[in-house]
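Topology and contacts: notes
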Amino acid sequence: MRKTPTELTETHRRFSRRALLLGGSMAAFMTGLGFRMRHLQLDQSDEYRLLAEENRINIRLIPPARGEIFDRNGIVLARNEPSYRIILVPEDTDDVDKVIAKLATLVELDPDELDRAMTEMRRSPPFLPITIADRVSWEELSRVAVNTPALPGITPEVGLSRYYPLKDDLAHVLGYVGPISDYDLSKIDNPDQLLRIPRFQIGKVGLEGRMEDDLRGTAGTKQVEVNAVGRVMRELDRREGEQGDDVQLTIDHALQSYAQARLGDESAAAVVMDCETGDLLAIASAPSFDPNLFVEGISVADYGKLTSDDHRPLAAKSVQGTYPPGSTFKMITALAALEAGIVGFEDTVYCPGHMKISNRRFHCWKRGGHGHMNLVQALRESCDVYFYDLAIQVGIDKMSEVAARFGIGQKFDLPLSGVARGLNPSREWKSSVRGQDWVVGDTANASIGQGFVLASPLQLAVMTARLATGKAIPPRLVKSINGVEQPVPDMPELDINPAHLAEVQRGMYAVSNHRRGTAYSQRIIEDRYRIAGKTGTSQVRNITAAERARGVTRNEDLPWGRRDHGLFVNYAPFDNPKIAVAVVVEHGSGSKAATPIGRDITLQALYGGPPPLTAYPAKDREKIKAQQKEMEKLAPNREITRRNRA
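Keep in mind that this is a model prediction, so the values were computed, not measured.

A word on the pairing of strand S15 (residues 360-363)
Bridge count for strand S14 (residues 354-357) against S15 is four bridges, and the pairing is antiparallel. Residue pairing in the sheet places histidine 354 in a bridge with histidine 363 of S15. In this structure, the hairpin formed by S14 and S15 is closed by a connection of two residues, where serine 358 is found at a positive phi of approximately 50°.

Quick word on the sheet that holds strand S11 (residues 268-274)
The five strands lie next to each other as S12-S11-S21-S20-S19, forming an open sheet whose pairing is antiparallel. With one partner strand each, in any of the chains shown, strand S12 (280-286) and strand S19 (532-538) form the two edges of the open sheet. Across the sheet, the axes of successive neighbouring strands diverge by a mean angle of 5°, strand direction being ignored. Note: strand S20 (residues 565-572) against strand S21 (residues 579-585), seven bridges, orientation antiparallel. Bridge pairing links glycine 566 to valine 585 in S21. On top of the sheet, helix H21 (residues 498-513) reaches S19 and S20; it is set at about 75° to S19, its chief contact.

Remarks on the packing of aromatic side chains
Two aromatic rings are characterised by how far apart their centres lie and by the angle between their planes. All chains considered together, the criterion is met by 12 aromatic pairs. Aromatic side chains tyrosine 176 and phenylalanine 289 sit 6.3 Å apart centroid to centroid with 80° between the ring planes, which places their arrangement in the edge-to-face category. With tyrosine 176 in strand S6 (residues 176-179) and phenylalanine 289 in the loop between S12 and helix H11 (292-295), this pair connects stretches of sequence that are 113 residues apart. Each member of the pair, tyrosine 176 as well as phenylalanine 289, is classed as buried. Between the aromatic rings of phenylalanine 289 and phenylalanine 294, the centroid separation amounts to 5.7 Å while the plane-to-plane angle is 70°, which identifies the pairing as edge-to-face.

Notes on the nonpolar core
For soluble globular proteins, the rule of thumb is that nonpolar side chains tend to be buried together. Among the nonpolar cores identified, the biggest contains 102 residues, and Leu249, Tyr386, Leu477 and Val504 are the most heavily contacted of them. Looking at this core element by element, the count peaks at eight residues for helix H20 (residues 457-469). Discounting residues that sit within four places of it in the chain, leucine 477 has contacts with Val173, Leu207, Gln248, Leu249, Thr250, Ile251, Leu280, Ile283, Leu414, Pro415 and Leu416. Listed in part, the 33 residues of the second largest apolar core include Ala268, Ile531, Val583 and Val585.

A look at a nonpolar patch on the surface
Where nonpolar side chains cluster on the molecular surface, the patch consists of Phe29, Met30, Leu33 and Met37 and spans about 410 Å² of accessible area. Tracing the backbone through its elements, the reader meets methionine 30 in helix H1 (residues 5-43).

As for the environment of valine 158
Assignment of secondary structure puts valine 158 in strand S5 (residues 154-163). Along the backbone, valine 158 and leucine 141 are 17 residues apart, and their C-alpha atoms lie at a distance of 9.1 Å. Beyond its immediate stretch of four places on either side in the chain, valine 158 contacts Pro82, Ser83, Tyr84 and Leu141.

Concerning a negative patch on the surface
Together, Glu108, Asp110, Asp112 and Asp115 make up a negatively charged patch on the protein surface. Considering the arrangement of structural elements, one finds glutamate 108 in the loop between helix H3 (96-104) and helix H4 (111-123).

Re the environment of aspartate 97
Inspection of the secondary structure assignment puts aspartate 97 in helix H3. The spacing of aspartate 97 and methionine 118 is 21 residues in sequence and 9.8 Å in space, taken between C-alpha atoms.

Digging into helix H23 (residues 591-607)
The first and last C-alpha atoms of H23 sit 24 Å apart over 17 residues, in line with the 24 Å expected at 1.5 Å per residue. Summarising burial for H23: 14 of the 17 residues are buried, a large majority. Count one or two residues on from H23 and you reach glycine 608, which has phi positive near 70°.

Here's the deal with the pattern of salt bridges
The tally for this structure, following the rule as stated, stands at 26 salt bridges. The shortest N-O distance in the salt bridge between arginine 476 and aspartate 279 comes to 2.8 Å. With arginine 476 in the loop between H20 and strand S17 (478-481) and aspartate 279 in the loop between S11 and S12, this residue pair connects regions lying 197 residues apart in the sequence. An identical accessibility class is assigned to arginine 476 and aspartate 279; each is buried. For lysine 619, the salt bridge is made with aspartate 620, and the minimal N-O distance between the two is 3.0 Å.

Quick notes on the rules
- Residue positions are given per chain, counting from 1 as you read along its sequence in written order.
- Per-residue local features of the predicted model are confined to residues with pLDDT of at least 70, and side-chain atom pairs are confined, for both listing and counting, to 80 or more; whole-chain, interface and lining totals are unaffected and use all residues.
- Water and hydrogen atoms were dropped before computing side-chain values, which therefore reflect all heavy atoms in the structure.
- At least two bridges found by DSSP between two strands are what make those strands a pair.
- The helix and strand labels rest on DSSP assignments: H or I over at least four residues marks a helix, E over at least two residues marks a strand, and numbering proceeds from the N terminus.
- Only the stretch in contact is used when a helix axis is fitted, and all axes are lines through C-alpha atoms; the angle between N-to-C directions ranges over 0 to 180 degrees.
- Residues are treated as being in contact if the distance between any of their heavy atoms lies within 4.5 Å.
- Here a Phe, Tyr or Trp ring, Trp counted by its six-membered ring, pairs with any other such ring whose centre lies within 6.5 Å, and the pair is stacked when the planes are under 30 degrees apart, edge-to-face when over 60, and tilted otherwise.
- Here's how the labels work: a residue is buried when its accessible area is under 20% of the maximum for its type, exposed when over 50%, partly exposed in between, all with a 1.4 Å probe on protein chains only.
- By nonpolar core we mean a set of buried residues, namely Ala, Val, Leu, Ile, Met, Phe, Trp, Tyr and Cys, connected to one another through side-chain atoms within 4.5 Å.
- For patch detection, residues must exceed 30% relative accessible area and be free of salt bridges, and they are connected within 9 Å for like charges or within 5 Å for nonpolar side chains (Val, Leu, Ile, Met, Phe, Trp, Tyr).
- In these tables, accessible area is a Shrake-Rupley quantity obtained with a 1.4 Å probe, and a residue counts as shielded only by the protein chains included in the view.
- Salt-bridge detection follows one rule: a side-chain nitrogen of Lys or Arg within 4 Å of a carboxyl oxygen of Asp or Glu.
- Only four residue types enter the charge count, namely Lys and Arg as positive and Asp and Glu as negative; His and the chain termini do not.
- For charged residues, the charge sits on one atom: NZ in Lys, CZ in Arg, CG in Asp, CD in Glu.
- In this scheme, a helix's expected span is set at 1.5 Å multiplied by one less than its residue total.

Purely geometric stuff here, so don't read any function into it on its own.
Right under this line is the structure:
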């Protein structure tokens, strides 16, 4: 049906109105879109350009080189070595399992290491690199480098790893580094992002652990451009971090190597200290271990061997071990009595071989007794009864006071793990810790370094250096940091009457140089290097009355763990003290095990190398000659030292 002209006009009017509304709407939309595009492209162009750049540019941390450690003569004790490894950045690949499967066709992957890497990947942010294979060969690294286009997220990398070239010589001093663990992170407040890199190496124990902040350094950064699939296309910028501080120790490695070898298969420790500066020249503990085993994570089998050894190779006995000092403590008892004015130089005590105290018999080591003894004679022949008598008169509190002046019971501030305080007992200590009263028998035991008294080989070396000089010499281990010499600490005079100290020194000289001295057989006959010393034996078992009646069992006939400890302390030269030495041999059947070791280490330190045979008694020279040849085999690292110096 045909529309009338009026109807056509009305339809046309409605269509024009709709078209106008639609056109206006479209124009408004296009205008808004134009303004929005202008706002995005012009007003916010910098912001979106930055976002775009961030999508194609990654910032990655560069681990810093760890500071190196040297001995006092500049010999490297801990260094960094190139280590080839394969890393994976999870966010740079879509399929981790597929990439690792391809990588396994090029490099042999250890299943345990791979499991560890996958565990680290699950608990780490996706942008952190994960080490898939470490210490790979150059050939393996090259194969991976050639095939990186087919391995998104995989990068062959040359890093640095810690290495201890002298191995077990300084394991207990240096400690070792190892991969950082969750436990390590839990002990650090606000850890550096660098520490969150899986398998990043940090100091665990020893000097490496205690000086971690100095040795670690600060991380660098690099900006890399990646393509759409995350593959690194090029490096845009690099800012190197700062290497950790180099640390120079007071240790003389040649002497340390000799001391370690001289201790041999014993469970023992030796400390050598400079009497003028307090420098620790050697800190040896035996047996030792190779710290390189721990750098990448020690195997269960290797760790089991170390922990099951009854000689405890992981223990730093020189600073962590505490022992009854035995007769090496008698100089303290003597000084306490002299300072209290209860004994004169020529006053004597009669020794019948025992002394009755509180209805108990305290025995002298010499069953038949020593007869009448003055102070020098009592030190020379180590008469126990003489010191029982002095101690009962002077009392434990005065003895404890003097012992503290000589470093007993003091924890020295050294960058080493587990430095022991030892025990310098007193009435107050026993009351507060044991809840018991001090009795006179405790004083008698303490007078000869038994009972509650405990000291480390380090403390015994400090005590000996102070006896030699009359000064409060503290031990020092760090010589310089980044070439800056560390200050030598103050060494004030001890509050001890010089005449009293001189008399005790005379007694120590007689120990090693008088025919009746307990160390006379191990003397030094070179006049300019005469030593003053004191032998010691500390019991680790009780001897019953029945055993004394039938005869005390010889140490050699006892199981190793029930034998007495052997000790020897000395300083030399007597008339111009340069070094102090302390040696402890666990279950060494008494002082005869420690004394020759102490004498030999002393000569090695004084001569700066193997001493001439003429320094030894004539009867011992053939034996010493053979021993020196053996030492060359046992201490091969001394040859490394000589080559490095040359």
